[in-house]
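Secondary and tertiary structure notes
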Amino acid sequence: MAGLAYSLGKRELNQHFNIKNAKLLSLVAVVSLVVFHTGLRYYKGGDSCEWLLTRGSYLGEEVWQPYGCMMHKYKSIEAKTCLANRRVVFLGDSRIRNLYYSFIKIINPEKAEEGIKHKDITYEHKSSSVNVDFLWYPEANNSMKDRLAPWSQKSSATPAVIVLGAATWSIKLNKGSGETLQQYKNNLTTIAVTLESMAEETQVYWVLQDPVNEEVLRDDRKMITNRQLELYNEAALEVFNGSKRSSKSKIKILAASRQAALETISKSVDGLHHPKSTQNMGGMVLMNSECNKILKPIDGSCCQEVPPPNLLQKLTAGFFLASLLVLVFLHIVGNSHHRRPSPPDVESLEEKKPATVVSPIGMKAPFQALCKMGLIMAYFYLCDRADVFMKGQKLYSHATFFIPLVYVFVLGFFYNENTKETKLLNREQTDEWKGWMQLVILIYHISGASAFIPVYMHVRVLVAAYLFQTGYGHFSFFWLKGDFGLYRVCQVLFRLNFLVVVLCMVMDRPYQFYYFVPLVTFWFVLIYGAMAVWPQILQKSVNTNNMWHLGVLAKFLILLTIIGCFAYSQGLFETVFSTWPVSKLFELNGSVHEWWFRWKLDRFAVLHGMVFAFIYLALQKRQVLMEGKGEALFSPRISNILLFISILAFFIYSFWASSCKTKTECNELHPYISVFQILAFILIRNIPGYARSVYSSFFAWFGKISLELFICQYHIWLAADTKGILVLIPGSPFINMVVSTFIFVCVAHEISTITNDLAQCVIPKDNVALLKRLGAVALCTLALLLLNKAAPP
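The structure contained in this document is the topic of the report that follows. (Residues numbered from 1 in each chain as written. Predicted model: local features only at pLDDT ≥ 70, side-chain atom pairs only at ≥ 80, totals over all residues. Heavy atoms only, no water.)

Focus: a nonpolar patch on the surface
Inclusion rule: Exposure above 30% relative accessible area and the lack of any salt bridge qualify a residue for a patch; like charges then connect within 9 Å, and the nonpolar side chains Val, Leu, Ile, Met, Phe, Trp and Tyr within 5 Å. Per-residue and other accessible areas follow the Shrake-Rupley method at a 1.4 Å probe size, with only the shown protein chains counted as cover for residues. Criterion for a salt bridge: a side-chain nitrogen of Lys or Arg within 4 Å of a carboxyl oxygen of Asp or Glu. Under the scheme used here, helices are H or I runs from DSSP no shorter than 4 residues and strands are E runs no shorter than 2 residues, and both carry numbers assigned from the N terminus.
On the surface, L321, L324, L325, V328, F329, I332 and V333 cluster together into a nonpolar patch covering about 700 Å² of accessible area. Note on placement: L325 falls in helix α12 (residues 311-333).

Let's talk about the state of the cysteines
The line we're drawing: When two cysteine sulfur atoms lie within 2.5 Å, the pair is treated as a disulfide. Burial classes follow relative accessibility: with a 1.4 Å probe on protein chains only, a residue under 20% of its type's maximum area counts as buried, one over 50% as exposed, and anything between as partly exposed.
Tallying each qualifying case throughout the model produces four disulfides. In this model, C49 is linked to C303 through a disulfide, with the two sulfur atoms separated by 2.0 Å. Linking C49 in helix α3 (residues 48-54) with C303 in the loop between α11 (276-295) and α12, this pair joins segments that are 254 residues apart in sequence. Assessed through its relative accessible area of 13%, C49 is described here as buried. On the basis of relative accessible area, C303 is assigned to the buried category, the value being 8%. C82 shares a disulfide with C291; S-S distance 2.0 Å.

Considering the sheet that holds strand β6 (residues 161-165)
Definition in use: Strands are labelled as partners when DSSP assigns at least two bridges between them. Each axis is a line fitted through C-alpha atoms, taken for helices only over the stretch in contact, and angles between the N-to-C directions span 0 to 180 degrees. We call two residues in contact when some of their heavy atoms are within 4.5 Å.
Taken together, the six strands give an open sheet; going across it, the order is β4-β5-β3-β6-β7-β8, and neighbouring strands pair in mixed fashion. Of all strands in the sheet, those with a lone pairing partner are β4 (121-125) and β8 (251-254), marking the two edges. Sheet twist, expressed as the mean angle between neighbouring strand axes with direction ignored, is 15 degrees. Where strand β3 (residues 86-92) and strand β5 (residues 130-136) come together, seven bridges link them in parallel fashion. Following the sheet pairing, G92 is matched in β5 by W136. Taken strand by strand, helix α4 (residues 76-83) contacts β3, β4 and β5, and its axis lies near 100 degrees from that of β3.

A short note on the packing of helix α17 (residues 486-506) against helix α30 (residues 733-762)
Threshold: Working rule for handedness: look at the near helix, and if it is turned counterclockwise from the far one by less than a right angle, call the crossing left-handed; if clockwise, right-handed. Each residue gets one of three labels, nonpolar for Ala, Val, Leu, Ile, Met, Phe, Trp, Tyr, Cys and Pro, charged for Asp, Glu, Lys and Arg, and polar for the others, Gly among them.
Packing of α17 against α30 leaves a shortest axis separation of 10 Å and a crossing angle of 145 degrees. Handedness of the crossing formed by α17 with α30: right-handed. On α30, the residues touching Y487, Q491, F494, R495, F498 and L499 of α17 are I751, S752, T755, N756, L758, A759, Q760 and V762. Class assignment for the residues of the contact of α17 with α30 results in eight nonpolar, five polar and one charged.

Remarks on the packing of aromatic side chains
Heads up, the rule is: Two aromatic rings from Phe, Tyr or Trp, using only the six-membered ring of Trp, form a pair when their centres are within 6.5 Å; if the ring planes differ by under 30 degrees the pair is stacked, by over 60 it is edge-to-face, and anything between is tilted. We count a charge as sitting over a ring when the NZ of a lysine or the CZ of an arginine lies within 6 Å of the ring centre and within 35 degrees of the ring normal.
Overall, the coordinates contain 62 aromatic pairs when judged by the stated rule. Each ring, one from F414 and one from Y415, has its centre 5.1 Å from the other, and the planes form 85 degrees; the classification is edge-to-face. Residue F414 is classed as exposed on the basis of its relative accessible area of 59%. Relative accessible area serves as the criterion here: at 39%, Y415 is assigned to the partly exposed category. With a centroid separation of 6.2 Å and 20 degrees between ring planes, the pair formed by Y415 and F698 is classed as stacked. One end of the pair, Y415, is in the loop between α14 (398-414) and β10 (416-418); the other, F698, is in helix α28 (residues 697-703), and 283 residues separate them in sequence. Residue F698 is classed as buried on the basis of its relative accessible area, which comes to 18%. Feature note: the residues F409, F413, F414, Y415, W433, W436, F681, F698, F699, W701 and F702 constitute an aromatic cluster, connected by ring pairs. In this structure, R55 packs its charged tip against the face of Y67, placed 4.1 Å from the ring centre. Positioned over the ring face of Y456 is K663, at 4.5 Å from the centre of the ring.

In C-alpha cells:
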C-alpha cells in the first residue's frame, strides 16, 4: 500500500510540476526580477562606483566584494598604462601613508617602504610618467587647506587624483575633547569648498577612519577610541554628503577599507595600523575606481558604463523583431495548422522513428521558435551586457566545490533506473556520463576551482572525455551506417553551432570565445573527412574482407601524422589557422594562441575515441564480449584483473595530479595520460554486469542538454563572460544560487528544443534545396566578413 501511495503521489506531482510548468515559472521569475532590479536601481541608485567604495563585504585574502559589482585584480603593467602621464597625491597621516604604499606596490611590486616618518615621500616611474606623492598632513586644519588651495586654481600642477583623510592626530593631541571635534567639523567645512572646486576635474577621495584595537594601543594613543573615530566619521559624512555639489563633481567617500578593517583589526600589531592584507585591499579598491572606466577589464564591472549595442547587435534585434511581426501576421491570417515533428536525435546520431505519421511543418513553426529564441537572447543581454542585474566575484574554497559536488552525486545515485540495453557505453550510459561530467564542470566554474591544481587536472580529464566521446560516437555512426549525406552533416553542424552563432551576434563575442564548440566542430569535420574520403571503409566492407582493417589503421596513422605535424610545429599551426577567412573562426583578440592552447591540450583524445570504437566494435562483432544482462564483460579472472588495474590507475593519477607544482607542468603530460583515466572509468563502469544494467536518470537528463548547459553558463549563470557570478537575489548567496540555477537549466532545455525544431525547418532533406540554402548562407557570411574586414578598428 505504501508503494502504491508513493507511486500515485509521484504521478500526481509530475502532472502539476513538469518541465513545461517549470519553464513558465522561470519566465515569471525572470519578469519579476527584471522589474525588481529596475525599481531597485531607480529608487536606491545604481552607481557601481559608490558600491565599490562604500558597500560590500570583506571575503579575506585581500578580496573585497562590492555590493553588486566586481573588482579586477590589477597587475603592474595595467596600472602603469592607466596612470600614464598622471599625478596621484595622498595627503594625511600614517594610515594614509600605508594606503599610499599599497597603491604604489600595485604599480611596482618591488617597491620597499622607505622614507622618513612624518615626511613627504615621492615616487616616479619615468618610462610611463607616473607620479605618486605622499604629503604629510596629519590634521585636517588650515595647513591642509592652504596646501590644497593652489590646486583649486586648475593649474597644470593640479593632481589627477587626490586621496586624503585625517583624524587620529587631532584626537591624540587634544585628548578627544568635544571642542576639537567641533573644530574638526568646521575645518572640513572650509576644506570641502576647495575640494568641491577641484572635484570638477580631479578625482577626490576622502578616506573614512578605520577602527582601532583599543586593547593593544600604546598609552599615548589610548584616547583614540572607536567611539571617537565614529564621531569624526559622522562629522565627515555630514560635511561631504550634506554639501551641495553637482552630480558630475562629487567628493568620493572611501569606506571599503574601514569595513574590511572591522574584520582584521584584531590582527593589528600596534592596534592602530592594520595588516598588509587590509591595506592592499584598500589600494586595489582605489585602482579599480580610477582605472576600470579607462581600461574596461571584463571582470571589473564596478565604475564602468555599459557600452551601447553595435550595428550587428541592432541588426540581430531587428531580425528577431521581424520574426515576431511575421508570426503575428501568420496568426492573423489563420495559418496555424501544424504539428511538431519528431526531431532527429543528433546527439546519438540516430534518427528517432515517429510512432505516428505527422503532418507537414506549418509556416508558423520556425517563427515561433525564433520568437522564443529572441526572448531568451534578451534575457542573455540583460544578464551580461546591460546594467540591470548585479555581478559577484568568485572566491575558491574547498567547501564551495566539494559540498555541492557531494550533494549532486547523492541525487544522481538516488535517481536510478534499469537500462533498456546492456551494451558497453549504451545511449543511456553515455547520457549519464555527459550529465555528471557537465555538472562537475559547472560546479568547477562557479566555485573558481581552477585555482586548485588537483581539481583543475581532474576537470581537464573530463574535457578530454567529452572529446573522446566525440570520436567514439561519430566513428561508430559512420562505421555502422555509412551515412555521409549532406543532410546529416548539416544537422550535426547546426546542432553544435546554432546557439553559439546567435550568441556571437547578440553578445558581441568572437566564435573562438566559446572554445568548446569550435573544438568539437573541428574534430567532427576531421572525422567526417577521414571516414568519407576514398576508400570509404565500413563494417560491411571488413565483413567481406578482413584486409580492410589495415585500411582503417592506415587512416588512423594519417590522422595521427596530421595531429603530430600541427602539435609539434606551432608555426605551421598558426600559418594555417591565421589565414583569412579561416582566422575569423579561430582568432581571439587577434591571435590564434588560445585556439592553439585548447587544441593542443587534448589533441589525441578524439583519435583515442575512434580507435577505442574500432576495437570495441570489432570485438563485439566476433562475440568476444559478454554483454548480456547481469553478465560480466569478460571472464571472472580477466574482469578482476582489469578492475584492479583501473582502480589503481585512478589512484595513481590522483596522486600525480596532487603532486603537480604548476599547471604548465601538468598540461605537458596531460595529452598522453588522460586516456588511461578515461579507459579506467569505462572499464569500472562496464565490466560488472549489474553496473551496465542501471543508469542515473538524473544525470542522463542533464546529459541530453549538456551542450546548452556548457554554453549558457557563460552569460546567465556566471557573469562577465565567466569571470564572475550572476546575482539575481542580492544579499542571499544561497537563494541566489537556487533561483539562478533553476532559470539557467530551464533556459538551456528550451534552447535545446528550439534548436531541434529549427533544424527541421531550415535544413531540408532534398539536396538541391539544401545546397541553395547553403549557398545563400555562405554569401551572407562572406558579406559580413568583408564588412567586418573593411570596418575601421
